[in-house]
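If you want the building blocks of each chain, they are given just below.
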Amino acid sequence: MSGKMGGVRGQFLSRLEDLADKLLSNAGFLLWDIAVSAVILMAAKGILSIISKITSKMMHSERYHRTEYQGKRVDTMLTLFRSTIRYLIYFGAIMLILRQFGVGGIVATLLGAAGVGSLAIGFGAQNLVKDVVTGIFMMFENQFGVGDYIKIDNDEGYVTATALRVTYLRSISGDQIIVPNGSINRIVNFTKGSSVANIIVSTAYEADTRAVMDIMQEAMDEFAVTHAELIDEPPVVLGIVDFGASSVDIRITCKALPLKHWETERAMRLAIKEKFDRLGVEFPYPHMVTVPYTSTPSEPSSNIGERRTVPDWAGPDEDDDT
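Because the structure is predicted, anything quoted here is derived from the model rather than measured. All residue numbers refer to positions counted from 1 along the written sequence of the respective chain. Only residues with pLDDT of at least 70 are given local features in this predicted model, and only at 80 or more are side-chain atom pairs given and counted; all residues enter the totals for whole chains, interfaces and linings. Just so you know, side-chain values use all the structure's heavy atoms and leave hydrogens and water out.

## A closer look at the side chain of Thr-55
Helix numbering and strand numbering both begin at the N terminus, where a helix is a DSSP run of H or I of at least 4 residues and a strand a DSSP run of E of at least 2. Relative to the helices and strands, Thr-55 resides in helix 2 (residues 27-59). Looking at Thr-55, the relative accessible area reads 3%, which means it is buried. What Thr-55 contacts, discounting residues up to four positions off in sequence, is Leu-78, Phe-81 and Arg-82. Residue exposure (1.4 Å probe, protein chains only): buried if accessible area is under 20% of the type maximum, exposed if over 50%, otherwise partly exposed. Every residue pair with non-hydrogen atoms within 4.5 Å of one another is taken to be in contact.

Here's what the structure looks like:
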């Protein structure tokens, strides 16, 4: 047994010595390959840096941003181009490094024989392929662009960049959200088309609701004149939408310009508050009515126990088993 272990050890040490001799005898070539590889990597980073500066300059140039639509479209395509070219340059750099070490031909043969698509699937990169394909379709279909405010499933924010594989969002709170393109199922683009501003105004039960609604409409007519830069169509008082515990709730709606619905809602609430203050209209607040307790039983109603006649249109009585 010890003889076999010694033989294995000897074979291993022999191979190790051969490798050391080969490395020492080719140390100059190895150092050259490492130096060339470092130059290739630096060149790749330099090219990417130049492309990044050029695209950034174009994204901040007024020449390509004469209109809002043109600017967003240019920014979207440039960020997609920058993402795509990054993958291509790094892939080319890796292939040159492998060729420098003498294995590039083998890798190229494998890629040619198996195909890039089948090789990627073979390595379990189906999600990667799905992300890339979905991203390409989204960009060319112009579903959204850089600067748009969108909602993707449960995430929403401003689009800061579109890459070949992922989409970058910046939420209102400042958080960066990275969404894989392949996981996007439903997109809501708040930037395209008009927005709708809705507010609920609570009024008191004791007030004359029709008169209060007339006052609210007057306030909204004044609002439409002073805030024409926010709205697409004047606001309308729709009417009562709910009877609350201590208030009559009235809805007001307004067709606002894209992404102006939040500002419009805030301004509408302020206009209603100022109008109510000028005319002395009070907002409701919870009331509590106390009734003195009495131990004297009240007389029973004479019609207790009588069954009400239900009209035919009301349907069958729920208590009727027949």
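On we go from here.
## Examining the nonpolar core
Ranked by internal contacts, the top residues of the largest apolar core, which has 22 residues, are Met-216, Met-220, Ile-252, Met-268, Ile-272 and Phe-276. Of all the secondary-structure elements, those providing two or more residues to this core are strand 6 (195-203), helix 7 (209-226), strand 7 (231-243), strand 8 (248-256) and helix 8 (261-279). Take this core: its biggest share by element is seven residues, from helix 7. Apart from residues no more than four positions distant in its own chain, Ile-272 is found in contact with Val-201, Met-216, Ala-219, Met-220, Ile-252 and Phe-283. Buried Ala, Val, Leu, Ile, Met, Phe, Trp, Tyr and Cys residues that are joined via side-chain atoms within 4.5 Å together make up what is termed a nonpolar core.

## Let's talk about the sheet that holds strand 6
With respect to topology, three strands assemble into an open sheet ordered 6-8-7, the strand pairing being antiparallel. Two strands in the sheet have a free side with no partner beyond their single neighbour: strand 6 and strand 7. Across the sheet, the mean angle from the axis of one strand to that of its neighbour is 20°, orientation sign disregarded. Against the sheet, helix 7 makes contact with strand 6, strand 7 and strand 8, and its axis sits at roughly 160° relative to strand 7, the strand it touches most. Sitting on the sheet, helix 8 is in contact with strand 6, strand 7 and strand 8, with an inclination near 30° to strand 6. Note on pairing: two strands pair once DSSP finds at least 2 bridges between them. Fitting a line to C-alpha atoms yields each axis, with helices limited to the stretch in contact; the angle taken between N-to-C directions then spans 0 to 180 degrees.

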